Amino acid sequence: MSKVDKPENPITSKADKPENPTASKVDKPENPTANKVDKPKNPTANKVGKPENPTANKVDKPENPTANKVDKTKKPIKSKVEKPKNSKLKGISDIRRFFFKNEEPIYFISATNFNLLGADEWIKGFKFICHIECFDSLHPNVFSPKEEMPHDEFESIEDINNYLLQHPEVQAYIRSRKVRGKAGKVMFLMFNEKTEKLAKKLGLEVIFPSAKMRNLLDNKVNTNRIAEKAGVPCVPYVLSPVKDYKHLGEVSEKALGTDLVIQTPFGDSGHTTFFISNEEEYLKHAEEIEQEDEVKVMKRINCRGSAIEACVTKNGTIVAPLMTELVGFKELTPYKGGWCGNEVYPDAFTPGIRQKTRKYTKLFGDQLKKEGYKGYFELDFLIDQDNGEVYLGELNPRVTGASSITNHALFALADAPLYLFHILEWMNHEYEFSVNALNDRWAKQEYIDGWSQMVVKHTEDTVEYVHAAPRSGIWRMFDNGHIQFNRMDTHRRAVESDNEAFFLRITKKGDYLYEGADMGILVSRGRMMTNDFKLTPKAKGWINAIKSQYSAEMVEDKRVPVMLAGSLTK
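All values derive from a computational prediction rather than experimental measurement. (Residues numbered from 1 in each chain as written. Predicted model: local features only at pLDDT ≥ 70, side-chain atom pairs only at ≥ 80, totals over all residues. Heavy atoms only, no water.)

Caption draft 1: Local environment of the sheet that holds strand 5 (residues 184–188). Here five strands make up an open sheet; going across it, the order is 4-3-2-5-6 and the pairing parallel. Since the sheet does not close on itself, it has two edges, and those belong to strand 4 (142–143) and strand 6 (204–206), each with one partner. Bridge count for strand 2 (residues 106–110) against strand 3 (residues 126–130) is five bridges, and the pairing is parallel. Note that in strand 3 the partner of I109 across the bridge is I129. Contacts from helix 3 (residues 157–166) reach strand 2, strand 3, strand 5 and strand 6 within the one sheet, and its direction differs from that of strand 2 by about 130°. (Pairing = 2+ DSSP bridges. Helix = DSSP H or I, 4+ residues; strand = E, 2+ residues; numbered from the N terminus. Contact = heavy atoms within 4.5 Å. Axes fitted to C-alpha atoms, helices over the stretch in contact; angles between N-to-C directions.)

Pasting the structure below:
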């Protein structure tokens, strides 16, 4: 459910608002004579007069003492020429055209290009800079350094991004693509304040709210406080430090009972979500719980997970359709409660649930705007199977692992991907379109087609050296359950039938498999879960088949690889 572990940030005060988005515009000076050439004190100084004798070398004083003076009543032509033209974009078609003609370099820098896969097809000049070469150098818009630079072991995606920004090959690549002396803009899945400094040093503008603000909002304790201000319901909870199991009962039993879920402020895909119903279960995680200044203690409910992505814009909050979530399947993840995929398909939820989640997402987005946030975010909603209530689970203030499926579904192709509206907020270009009209269209079920994605992790408590790994591209399954690589493709929509799937390889030859390591992502048409939220035989068949394509040797010393604190995908 949760994402990459973050350093503790107990700040609960309201985040500062970002800089005025109009600050980069050329303002008309208050003094109408500002920037004009002043009249010199000596009216004859530095003037060139027409000599009486055309062959004379002497420069004479002109007969008319006002000749060649600057007319103070007129604005210099130069300032008119320098004023940039910025015609307003009117409607979705103008916005699409604007990005198809874009000249400014825009980058997504991360471990892989999974989260924004396909963005290069919508935005001219968009490139991926990745540490892991998922496509064996066959993707035309992915750049990966060829030489490994000495570095500390990676413990997070932030470490990977900071490494890339310091790599000489990456720096040279960014310099080589400058336009009119500008390096361009950059997006990250995860970044910290060091990342911001490194990007600035290269002349790159980070097109997300600051790392400080993202950390503040990423804190699960703060998420509930924002939800309260927005009027979005949460699972019954208390926020409190926990000293021991007895203290846990004192702060929670009266309001929540004894069957509990505890979340620490930061965590990734189930790593720091703990299910506690007795002292034995508590003691397994006591150290992690008790070291926090404050944790979220929730009543455990019988729920199903769902996810929805949205974007805060100056015109309002754009809300994408609600998706189902694959959570905690032992075939995919070793983490109980860990996110491991999504589905999007028509009529996945009742009209009432869809209406509630869209309403809550808009309310939450509007509150984020008041907090000073703009751009992409994702919310997890929990649907109580006993009473039908919908509760906020958590906030991810960024693009996420679900972004890949959000942005290649039918509704995004019919108008524009959600990330396009995010990037537009940083393009310093005026635009207008009806957010309400767009939201109304995306709420219609005919704008949704059926897709599933599964994030396949190594689920065994082993460390293995990989000798061979499957290629990225389109794979075909035969009737006997075996699969074969069919063709190279970088686009998931190239999947043509139910017996095909797109595989994005993450763990490659020469890497290590360890418990929780991301092996790759499978994307297919149709569903991977039954109506009662169990994996379909088709899903299990694909998981087993793709894992069988890996050849790995057991390593006895588990200290060989350093294991990332979280997922490379979310």
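Back to the write-up after that little detour.
Caption draft 2: Focus on a negative patch on the surface. Taken together, the side chains of D244, E250, E279, E287, E288 and E290 define an acidic patch exposed on the protein surface. With four residues, the top contributor of residues to the negative patch is helix 9 (residues 279–290). Summarising the element assignment, E288 is placed in helix 9. Given the relative accessible area of 33%, E288 is considered partly exposed. (Patch = residues over 30% accessible without salt bridge, like charges linked within 9 Å, V, L, I, M, F, W, Y side chains within 5 Å. Areas by Shrake-Rupley, 256 points an atom, 1.4 Å probe, with all protein chains shown as cover. Salt bridge = Lys/Arg side-chain N within 4 Å of Asp/Glu carboxyl O. Lys, Arg positive; Asp, Glu negative; His and termini not counted. Charge placed at Lys NZ, Arg CZ, Asp CG, Glu CD. Buried < 20%, exposed > 50% of the residue type's maximum accessible area, 1.4 Å probe, protein only.)

Caption draft 3: Broad picture of the packing of helix 3 against helix 5 (residues 193–201). It is the contact of helix 3 with helix 5, at a shortest axis distance of 10 Å, that shows an interaxial angle of 15°. Of the possible angle classes, the one that applies to helix 3 and helix 5 is roughly parallel. For the pair helix 3 and helix 5, the sense of crossing is left-handed. The residues of helix 5 that touch helix 3, namely those facing E158, N161, N162, L165 and Q166, are K194, T195, L198 and A199. In the contact of helix 3 with helix 5, the residues fall into three nonpolar, four polar and two charged. (Parallel < 35°, antiparallel > 145°, perpendicular 65-115°, else oblique. Left-handed = near helix turned anticlockwise from the far one by under 90°. Nonpolar A, V, L, I, M, F, W, Y, C, P; charged D, E, K, R; others polar.)

Caption draft 4: Spatial organisation of helix 4 (residues 168–176). Here helix 4 has its buried residues at V170, Y173 and I174. For helix 4, the angular spread of buried residues about the axis comes to 95°, placing them on one side. Packing partners of the buried residues in helix 4 comprise strand 2, strand 3, strand 4, helix 3 and strand 6. (Arc of directions from axis to C-beta.)

Caption draft 5: Structural view of the nonpolar core. Among the nonpolar cores identified, the biggest contains 120 residues, and F364 and F421 are the most heavily contacted of them. Not counting residues within four places of it along the chain, the set of residues in contact with F421 comprises I92, I95, C311, I318, A416, F433, L438 and W442. In terms of nonpolar packing, the next biggest core, distinct from the first, is built from 25 residues, C340, M477, W542 and A545 among them. (Core = buried A, V, L, I, M, F, W, Y, C linked by side-chain atoms within 4.5 Å.)

Caption draft 6: Region of interest: the pairing of strand 14 (residues 339–344). Among the six residues that make up strand 14, six are buried, leaving the element largely enclosed by the rest of the structure. Two elements, strand 13 (residues 323–327) and strand 14, share four bridges in a ladder whose sense is antiparallel. Looking at the pairing, T324 lines up with E343 of strand 14. Inspection of the sheet shows strand 14 paired to strand 18 (residues 451–457) by four bridges, in the antiparallel sense. Opposite G341, over in strand 18, you have M454 as the bridge partner.

Caption draft 7: Quick look at the sheet that holds strand 19 (residues 464–468). Within the open sheet, the three strands sit side by side as 23-19-25. Their pairing is antiparallel. Of all strands in the sheet, those with a lone pairing partner are strand 23 (512–513) and strand 25 (551–554), marking the two edges.

Caption draft 8: The arrangement of the pattern of salt bridges in detail. All chains considered together, the criterion is met by 21 salt bridges. For the salt bridge of K314 with E430, the shortest nitrogen-to-oxygen distance reads 3.3 Å. On the criterion of sequence distance, the pair formed by K314 in the loop between strand 11 (303–313) and strand 12 (316–319) and E430 in the loop between helix 13 (418–424) and strand 17 (431–432) is long-range, its members being 116 residues apart. Judged by relative accessible area, E430 falls into the partly exposed class, the value being 25%. Between E331 and K330 there is a salt bridge; the shortest N-O distance is 3.6 Å. The class of K330 is exposed, set by a relative accessible area of 65%.

Caption draft 9: Quick look at the packing of aromatic side chains. The full count for this structure, using the stated rule, is 18 aromatic pairs. Taken together, a centroid distance of 6.5 Å and an interplanar angle of 70° make the contact between F421 and W442 edge-to-face. Residue F421 is located in helix 13, and its partner W442 is located in helix 14 (residues 435–442); the two are separated by 21 residues in the primary sequence. Here the two residues F421 and W442 agree in accessibility, since each one is buried. Through a chain of ring-to-ring contacts, three or more aromatic side chains come together here, namely F411, F421, Y431, F433 and W442. The ring centre of F208 lies 4.9 Å from the NZ or CZ of R214, which sits over that ring. Taking NZ or CZ as reference, K374 lies 4.4 Å from the ring centre of W426, over its face. (Phe/Tyr/Trp six-rings, centres within 6.5 Å; stacked < 30°, edge-to-face > 60°. Lys NZ or Arg CZ within 6 Å of the ring centre and 35° of its normal.)

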